[in-house]
Amino acid sequence: ISTFSSFFTRSSDQIRMAAISISTIHFCGSHVGVSIGDDGPSQMGLEDIALFGALPGSIILQPSDAVSMQKILPEVLSEPGITYIRSLRPKTPVLYAQEENFSIGGSKVLLHSTDDLLTVLATGITVHEALEAAKELEKEGIFIRVVDCYSIKPLDKREILASIDATREKIIITVEDHFEHGGFGDFVLDALAFEQVKVIKLAVGKISRSGTMKELLHASIIDKDAIMEEVRKVASQL
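Residues numbered from 1 in each chain as written. Predicted model: local features only at pLDDT ≥ 70, side-chain atom pairs only at ≥ 80, totals over all residues. Heavy atoms only, no water.

Caption draft 1: Fine view of the overall build of the chain. When helices and strands are tallied, the chain shows 8 helices and 10 strands. For 238 residues, the compact-globule formula gives about 18 Å, and the C-alpha radius of gyration of the chain, at 17 Å, lands near that figure. Judged by the C-alpha coordinates and their principal axes, the chain covers about 50 × 35 × 35 Å. Buried residues in the chain amount to 50% of all 238 residues. Relative to all contacts within the chain whose residues are 6 or more apart in sequence, the contacts with residues 24 or more apart total 81%. Only carbon and sulfur atoms are counted for the fraction: they give 53% of the accessible area of the chain, which is about 10,800 Å². Each charge sign in the chain was given a centre, from 23 positive and 33 negative side chains, and these centres are 1 Å apart. (Helix = DSSP H or I, 4+ residues; strand = E, 2+ residues; numbered from the N terminus. Rg over C-alpha atoms; globule rule 2.2 N^0.38 Å. Buried < 20%, exposed > 50% of the residue type's maximum accessible area, 1.4 Å probe, protein only. Contact = heavy atoms within 4.5 Å. Areas by Shrake-Rupley, 256 points an atom, 1.4 Å probe, with all protein chains shown as cover. Lys, Arg positive; Asp, Glu negative; His and termini not counted. Charge placed at Lys NZ, Arg CZ, Asp CG, Glu CD.)

Caption draft 2: View of the sheet that holds strand β2 (residues 25-30). Taken together, the 5 strands give an open sheet; going across it, the order is β1-β2-β4-β3-β8, and neighbouring strands pair in mixed fashion. Strands at the two margins of the open sheet, each flanked by one partner only, are β1 (2-4) and β8 (151-153). Strand-to-strand twist in this sheet, taken as the mean axis angle between neighbours without regard to direction, amounts to 25 degrees. The sheet contact formed by strand β3 (residues 59-61) and strand β4 (residues 82-86) spans 3 bridges and is parallel. Looking at β4, one finds that Leu61 is bridged to Ile85. (Pairing = 2+ DSSP bridges. Axes fitted to C-alpha atoms, helices over the stretch in contact; angles between N-to-C directions.)

Caption draft 3: Structural view of the sheet that holds strand β10 (residues 198-204). If you walk across this open sheet you meet the 5 strands as β5-β7-β6-β9-β10, and the pairing is mixed. Strand pairing shows two members of the sheet lacking a second neighbour, β5 (108-111) and β10, which therefore form its edges. Between one strand and the next, the sheet's axes are offset by a mean angle of 25 degrees, whatever the strand orientation. For strand β6 (residues 116-122) and strand β7 (residues 143-148), the ladder comprises 5 bridges, and the chain directions are parallel. Residue pairing in the sheet places Ala122 in a bridge with Asp148 of β7.

Caption draft 4: Region of the structure containing the pattern of salt bridges. In the structure shown here, the tally under the stated rule is 13 salt bridges. Where Arg86 meets Asp48, a salt bridge forms, and the shortest distance between an N and an O atom there is 2.7 Å. With a gap of 38 residues between them, Arg86 in strand β4 and Asp48 in helix α2 (residues 48-53) connect regions that are remote in the sequence. Overall, Arg86 belongs to the buried group, its relative accessible area being 1%. Accessibility expressed as a relative area gives 1% for Asp48, which makes it buried. Of the charged contacts, one joins Asp116 and Arg145 as a salt bridge, the two residues approaching to 3.2 Å between their closest N and O atoms. Here the residue Asp116 occupies a position in strand β6, and Arg145 occupies one in strand β7, the gap between them amounting to 29 residues. (Salt bridge = Lys/Arg side-chain N within 4 Å of Asp/Glu carboxyl O.)

Caption draft 5: Region of interest: the packing of aromatic side chains. In the structure shown here, the tally under the stated rule is 8 aromatic pairs. For the pair Phe8 and Phe27, a centre-to-centre distance of 5.4 Å together with 90 degrees between the ring planes defines the contact as edge-to-face. With Phe8 in the loop between β1 and α1 (12-20) and Phe27 in strand β2, this pair connects stretches of sequence that are 19 residues apart. You'll find Phe8 and Phe27 in the same group, each marked buried. Chaining the aromatic ring pairs together yields one cluster made of Phe8, Phe27, Phe52 and Tyr84. Above the ring of Phe7, the side-chain terminus of Arg10 is found at 4.5 Å from the ring centroid. The ring of Phe102 has Lys108 sitting right over it, with the charged end atom 4.9 Å from the ring centre. (Phe/Tyr/Trp six-rings, centres within 6.5 Å; stacked < 30°, edge-to-face > 60°. Lys NZ or Arg CZ within 6 Å of the ring centre and 35° of its normal.)

Shown next as structure tokens:
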């Protein structure tokens, strides 16, 4: 089943009953987040992770480019139960080679060094914002680890913990194009509930409007500038 992600809220009861009935249905929600730009807030899927994430046993994925979408789709189709893929409207650069493999419950470390200050966990469009932020911060002598968490549920907890161990500060910044509650950041907080780590959550905190993708990501405080500001705050305290 494929439609705008925002429209799945209209069928929440059918989705819930499908899960209760132990049905196998694969959902794909397009036009997620404020990044859709001109279509405006009525078309923005910003509560879809919360909707599907509340269902026991559900799977939620958000590829960040064409290759990861192509590679993860066969994995999804072989899974029983309720699966959900968030797909983007904007054109995005291709990040991965065709040789890359993707699996449910996995992630990809896109940037790392031996002097990483902290880890930024991103998903979907915010992966590209995190990479842009990392390039700008590098000019200031600040290095960050960037992880593409294309699998939101289940999370790649092993890689997240490895990133925490590999960085100077036990701090993670999550950044997502979804409302603050019930989204990717909350899944990370839950996974790290008993770990000695600080989680800074960047998510959409208000109703958006119509505009360009860059304008709306900036207004929602989930773009490269927002990421850079949080990283600089951490760096300034050292």
